[in-house]
Amino acid sequence: MTKAMTGAKMVVQALIDQGVDTVFGYPGGAVLPIYDEIFQQNSIKHVLVRHEQGAVHAAEGYARSTGKPGVALVTSGPGATNAVTGLTDALMDSIPIVVLTGQVPTFMIGSDAFQECDTVGITRPCTKHNWLVKETDKLAPTLHEAFHIATSGRPGPVVIDIPKDVQFATGTYTEARQVETHYNPQVKGDMEMITELAAAMEKAKRPLFYTGGGVINSGPAASQLLRELIAATGFPITSTLMGLGCYPASGDNWLGMLGMHGLYEANMAMHDCDLMINIGARFDDRITGRLDAFSPGSTKAHIDIDASSINKVIKVDIPILGDVAHVLEDLLNVWKSRGRKTDKENVQKWWHQINDWKKVDCLAFKQETKVIKPQYALARLEELTKKHDRYITTEVGQHQMWAAQYLGFEDPNRWMTSGGLGTMGYGFPASIGVQMGHPDALVINVAGEASWLMNMQELGTAMQYNLPVKQFILNNERLGMVRQWQELLHGERYSSSWSESLPDFVKLAEAFGAKGIICDNPDDLDDAIMEMLHHDGPVLFDCLVEKHENCFPMIPSGKPHNEMILGENADTANAIQAGGAVMV
Amino acid sequence: MSPLKIKKGATSHSAYDLRPTFSDKEERHTLAVLVENEPGVLSRVIGLFAGRGYNIDSLTVAEVDHLGHRSRITIVTSGTPQIIVQIKAQLGRIVDVHKVNDLTVEGPSVERELALFKVTGTGNDRIEAIRLADIFRASVVDSTLESFVFEITGTPEKIDAFAELMRPLGLEEIARTGVAALSRGAVA
Ligand SMILES: Cc1ncc(C[n+]2csc(CCOP(=O)(O)OP(=O)(O)O)c2C)c(N)n1
Ligand SMILES: [Mg+2]
C-alpha cells in the first residue's frame, strides 16, 4: 500500500510506524512543517527541552532505560551543532538514537543561507551513519532504514538531515516492510570458536568473566543467559562501568566493577586470572591500564558484535564475532552437552584467593566528623532506595565513580552514565529521558555541582512535564576529579578546579518552582533523603560534602592493575610517573 | 527484529581473519573496497583514515556498476599486521561498504597505475628520454620542440623506476592516477 503525503507528515507517520511514543526536541525555522504535523496528532508526545544537547541526552536516557531507540528533533544550523556532543556520546557508548535535523531548502544548500550548516559533514564522524534526504519519495525509506541501522549490529546514533522543501513537498509514503537494506550484521557466533571457549572453560583454574555494555545492548535475554552461565559454572564475574546491572550486585559471584576506579578484588582477579572471558566489553584504556602488564598470564576470549573491537588493543586467543545473547545461548548449550565440567578444585582455590582480596575491604571509609563524606551520602542513598525499582543516571566526575562503587544494580537498563565520552551535563537530561520512558519509577541523577550546572536549564523541562526526577548533587564546591588529578600529578596546584560563585541551589530550585533541599550534616541526611523521595515532583538536593575527598581505589595511569592506590593512607606522592602523566 | 527486508546476498562483514598472527613489521597492502555509490561515502573512508591515523599511500575511486549503484575504491595502505586487520574491520563497519578485499593476502592479483610525465630538454637528454620511454613502453601523447608528455602504464614500482630515470633528463611534472587492482583468475 502506498500513500501520498507531505514529507513532514511522512516523518510523523514513520515515527508512529516504528513504535515511537516520545520525541525530545526544540523547534526552529527549518523544522516548522514537522512541528505543524506533530501539533495535529496525538500518538507521539513531544518533550520541549531547553537546549538541543538536552534533547539528545534525554533520547539517550530513554534508549538506555527502555531498550528502544530514542528520538530527537532539532532545527538546522545551531540546532544541529548543539546536538553534536550528544551524538558523540551515543557513538562512544553504542546507544541507538535517531536524530532528525532540519536543513535549509535544497535550492539554498551551499549558499551560506541563514542557519545553514553542513550537518551531514559535521556529524559524519560522530554518527554510525547519516543521510541528507533531497527527495521526498526517499524520505520514508530512509527513516525506516535509519531505525534499522541505529538498532542492529553494534547500536549507535544516526542523523537524518531533512531540507525544508522536502518537508513541504508531497511524495509517496513507503512502509517499513517494503524497504530493502543490505545492512545485516552477523549475530550467530562461529561454533568452532564457541566450542573452543567451552573447552577452555573446562580446563580453567582461575577463570573470570569480564562483561561490558554489549551485554546490556544485546537486550534482557543476554543478561538472563549470562546469569544462567554464571550460576552453572560458578565462575567469578566483574564488569565495566557500562555493564553494571547485567549481573546482580547482590549475586554470589559478583566482584564489583573493575578498572581505574574499580574494586581491588576485581582488578587483582583480572591481573591474575588464567582465562578471561570478555563479553561485550572493548578493552577500554580505563580498564586495561598499562597494556603490556594487562592480565599477563591469561588466555583471552572475546565475544563482540563489532569485528573492529576484536584485536584492536589487546590480542585475543579465542575471538567470537556475534551478538552476546546468541553466542551465550550457544555457549551454554555446548558447555552443557559436554557434561558441565569445570576444574572444581582449582576454581575453589581461586575463590579462596579472591575472598582474601575481598578482605582488604577497599571501599571502607570512616564517617567520623560532622562533614558528610560523599561515600556516606551514597551508602545512605543506596540503603534508603534499594527496595525501589530504581533508575540511576550520573554526571561525570568523582561522584560518578562513587555511584558506580556504592550503588548496587540488580538488573540491566537501570544505570545510565556517560562512559566513553565522559560528558559532564549528561545526567540531568538523561534522567528526564528515563522518566519519560518510566513515568512511575524512581529516577535519581547522582550529580556533581559543576556537571549539573552544565545543563541546569532542563529544570524548566522537568517542571513543564511534571517529571519527578531527583537531582542528588554531591556538592564539594570543586571540580573534584580535576582537583584529584592536580593533587596527584601537578604538585597540588589547583588551577581553576574550584567551583566559584555557586548558586544557592535551594533558591535556584524555587525559582523554577521545584523543591530544593540542602543538607550538610550526616545526622540529618536520612531524613533529608526521605523528604526527597516523598516529594512528588522534581527535587534539587544540595548535599554539601567533604571538599577534598579523593576517589579510591585508583590505578594511576601508566600502571598495571596490581599497583593500585588503595585509600587515604596510601602514598600518593609519586603515584603517577612521567610515562603515565601524558595519559588522560 | 528489524521490520526491513534483508536483500538477497547481503553479507555481514565477516571476511576477516579474526585470528591473525601479528608482527611489528610494516607491510604494504592493497585493499579493494566495494561501496554504495552515495554522496559522502569517499569522505567517510578518507575520514576514517585521517581520524584514526592510518596511512594512505594511494587511493583511486570510480563507479564500476552504474545500475547496481556501486563504486570501487582501491586503497594502498601500510601498517603493522594488527593495524591492517584493524583498517579492514573499521572499513567493514561503514554502513555503505559492501565488501572489503585484501588483494595482498587473498591470492595473486594484478596492479596497474597510469602516469603522465612532462619532460623538457633538447639535444642528448631529449634523445635519451625518448629512448628510455621506448624501453619502458611509454608512449608520447604530446610533444613540442623542447618537451614531451609521456604516458606510461604499469605497476607503481615501474612508474617509480621510470621517474628516477627521467629526473636528470628534465622531468618537470608527474600526474599519477593511483593504483587499480584486481585479483587474478576467474573468481571475482
Ligand atoms: C564537558 C566536559 N568538560 C570537562 C570535563 C573534564 N572533567 C572531568 S570531571 C570534571 C569535574 C567534575 O566536577 P563535578 O561535576 O563537580 O564532579 P566531582 O568530580 O566534583 O564529583 C571535569 C571538569 C568533562 N568530563 N566534560
Ligand atoms: Mg564537584
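These numbers come from a predicted model, not from an experiment.

Draft legend 1. Structural view of the overall build of chain B. Of regular secondary structure, chain B possesses four helices and 10 strands. Counting from the amino terminus, helix and strand elements in chain B follow one another as β-β-α-β-β-α-β-β-α-β-β-α-β-β. In summary, chain B has a C-alpha radius of gyration of 20 Å against a globular reference of 16 Å for 188 residues, an excess of more than 25%. Of all 188 residues assigned to chain B, the portion counted as buried reaches 27%. Long-range pairs, those at least 24 residues apart, make up 76% of the contacts in chain B between residues at least 6 apart in sequence.

Draft legend 2. Representation of the overall build of chain A within the structure. Scanning chain A from N- to C-terminus turns up 24 helices and 21 strands. Taking 584 residues into account, the globule formula puts the C-alpha radius of gyration at 25 Å, and chain A, at 24 Å, falls close to it. Judged by the C-alpha coordinates and their principal axes, chain A covers about 70 × 60 × 45 Å. Considering only contacts within chain A whose residues lie at least 6 apart along the sequence, 77% involve residues at least 24 apart.

Draft legend 3. View of helix α1 (residues 41-52) of chain B. Helix length check: α1 of chain B, at 12 residues, gives a terminal C-alpha distance of 17 Å against a target of 16 Å (1.5 Å per residue), a fit within 8%. At the C-terminal side of α1 of chain B, Gly-53 of chain B shows a positive phi close to 75°.

Draft legend 4. View of helix α2 (residues 81-93) of chain B. Residue and element names in this part refer to chain B. In this model, α2 (13 residues) spans 19 Å end to end at C-alpha, consistent with the 18 Å of a helix rising 1.5 Å per residue. Among the 13 residues that make up α2, 11 are buried, leaving the element largely enclosed by the rest of the structure. For α2, every residue scored as buried is listed here: Ile-83, Ile-84, Val-85, Gln-86, Ile-87, Lys-88, Ala-89, Gln-90, Leu-91, Gly-92 and Arg-93. The inward-facing, buried residues of α2 abut β2 (27-36), α1, β4 (70-79) and β5 (97-102).

Draft legend 5. Broad picture of the interface of chain A and chain B. At the interface, 29 residues of chain A touch 28 residues of chain B. Taken together, the elements giving at least two residues each to the side of chain A that touches chain B come down to α7 (139-151), β9 (180-181) and β15 (318-321) of chain A. The element contributing the most residues to the side of chain A that touches chain B is α7 of chain A, with four residues. Its residues placed into classes, the side of chain A that touches chain B shows 11 nonpolar, 10 polar and eight charged.

Draft legend 6. Broad picture of the packing of helix α11 (residues 220-233) of chain A against helix α14 (residues 324-337) of chain A. Residues and elements named next belong to chain A. Packing of α11 against α14 brings their axes to within 8 Å, and their N-to-C directions diverge by 30°. Classed by the angle they form, the pair α11 and α14 counts as roughly parallel. When the axes of α11 and α14 are compared, the crossing they make is left-handed. Facing Ala-221, Ala-222, Leu-225, Leu-226, Glu-228 and Leu-229 of α11, the residues of α14 in contact are Val-324, Ala-325, Leu-328, Glu-329, Leu-331 and Leu-332.

Draft legend 7. View of the site of ligand 1. Not every one of the 20 residues close to ligand 1 is listed here, only the nearest: Gly-397, Gly-448, Ala-450, Ser-451 and Gly-480 of chain A. Secondary-structure elements contributing two or more residues to the shell around ligand 1 are α17 (398-406), α19 (449-454) and α21 (480-489) of chain A.

Draft legend 8. Here's a closer look at the confidence of the model for chain B. This prediction gives chain B a mean pLDDT of 92; 91% of its residues lie at or above 70. Complex prediction metrics read pTM 0.94 and ipTM 0.88.

Draft legend 9. Up close: the sheet that holds strand β12 (residues 254-257) of chain A. Residues and elements named next belong to chain A. Pairing is parallel in the open sheet, where six strands are placed in the order β12-β11-β10-β13-β14-β15. Two strands lie at the open edges of the sheet, namely β12 and β15, each paired on one side alone. The sheet shows a mean angle of 15° between the axes of neighbouring strands, taken without regard to direction. As paired elements, strand β11 (residues 237-239) and β12 share two bridges and run parallel to each other. Its bridge partner lying in β12, Ile-237 is registered against Trp-254. Taken strand by strand, helix α12 (residues 264-272) contacts β10 (207-211), β11 and β12, and its axis lies near 100° from that of β12.

Draft legend 10. Just the nonpolar core, in detail. Within the largest apolar cluster, 193 residues are counted, with the highest numbers of intra-cluster contacts made by Ala-59, Ala-72, Ile-97, Val-99 and Leu-226 of chain A. If one sorts the elements of this core by residue count, α7 of chain A sits on top with seven residues. Among the nonpolar cores identified, the runner-up in size contains 13 residues, and Ala-115, Val-119, Ala-138 and Ile-159 of chain B belong to it.

Draft legend 11. Molecular detail of unusual backbone geometry. Residues and elements named next belong to chain A. Omega for the peptide link from Phe-552 to Pro-553 comes to -5°, which places this bond in the cis form. With respect to the element layout, Pro-553 can be found in the loop between β21 (539-544) and α24 (578-581). We note that Asp-112 has phi near 55°; this positive angle belongs to a residue other than glycine. Structurally, Asp-112 is set in the loop between β5 (97-103) and α6 (119-123). Positive phi outside glycine occurs at Glu-492, with the angle close to 55°. Within the secondary structure layout, Glu-492 lies in the loop between α21 and α22 (505-511).

Draft legend 12. Structural context of the pairing of strand β20 (residues 515-519) of chain A. Residues and elements named next belong to chain A. Relative to β21, β20 runs parallel, the two being bridged by five bridges. The residue bridging Ile-517 from the neighbouring strand is Phe-541, located in β21. Read as a crossover between parallel neighbours, the route from β20 over helix α23 (residues 525-534) to β21 is right-handed.

Draft legend 13. Structural context of the sheet that holds strand β3 (residues 58-65) of chain B. Residue and element names in this part refer to chain B. Strands sit in the order β3-β4-β2-β5 across an open sheet of four strands; the sheet is antiparallel. Two strands close off the open sheet at either side, each with one partner strand: β3 and β5. The sheet shows a mean angle of 20° between the axes of neighbouring strands, direction not considered. Summarising the sheet, β3 and β4 pair through seven bridges and their orientation is antiparallel. Among the inter-strand pairings, Ser-58 is bridged to a residue of β4, identified as Val-76. Across the sheet, α1 is in contact with β2, β3 and β4; its angle to β2 comes to roughly 150°.

Draft legend 14. Inspection of the environment of Leu-132 of chain A at higher detail. By the secondary structure assignment, Leu-132 of chain A is in strand β6 (residues 129-132). Sequence separation of Leu-132 of chain A and Thr-142 of chain A is 10 residues, and the distance between their C-alpha atoms is 9.4 Å.

Draft legend 15. Highlighting the environment of Ile-320 of chain A. All names here are of chain A. Structurally, the position occupied by Ile-320 is in strand β15. Ile-320 sits 18 residues away from His-302 along the chain, and the two C-alpha atoms are 5.9 Å apart. Not counting residues up to four positions away in its chain, the partners in contact with Ile-320 are Gly-189, Asp-190, Met-193, Ile-194, Leu-197, Ala-301, His-302, Ile-303 and Val-327.

Cut-offs applied
Residues numbered from 1 in each chain as written. Chains lettered and ligands numbered in written order. Predicted model: local features only at pLDDT ≥ 70, side-chain atom pairs only at ≥ 80, totals over all residues. Helix = DSSP H or I, 4+ residues; strand = E, 2+ residues; numbered from the N terminus. Rg over C-alpha atoms; globule rule 2.2 N^0.38 Å. Buried ≥ 20, exposed ≤ 12 C-beta atoms within 10 Å, placed from the backbone. Contact = placed C-beta atoms within 7 Å. Expected span 1.5 Å × (residues − 1). Nonpolar A, V, L, I, M, F, W, Y, C, P; charged D, E, K, R; others polar. Axes fitted to C-alpha atoms, helices over the stretch in contact; angles between N-to-C directions. Parallel < 35°, antiparallel > 145°, perpendicular 65-115°, else oblique. Left-handed = near helix turned anticlockwise from the far one by under 90°. Near = placed C-beta within 6 Å. pLDDT = per-residue confidence, 0-100. Pairing = 2+ DSSP bridges. Core = buried A, V, L, I, M, F, W, Y, C linked by C-beta atoms within 7 Å. Right-handed = clockwise from strand over helix to strand, strands pointing away.

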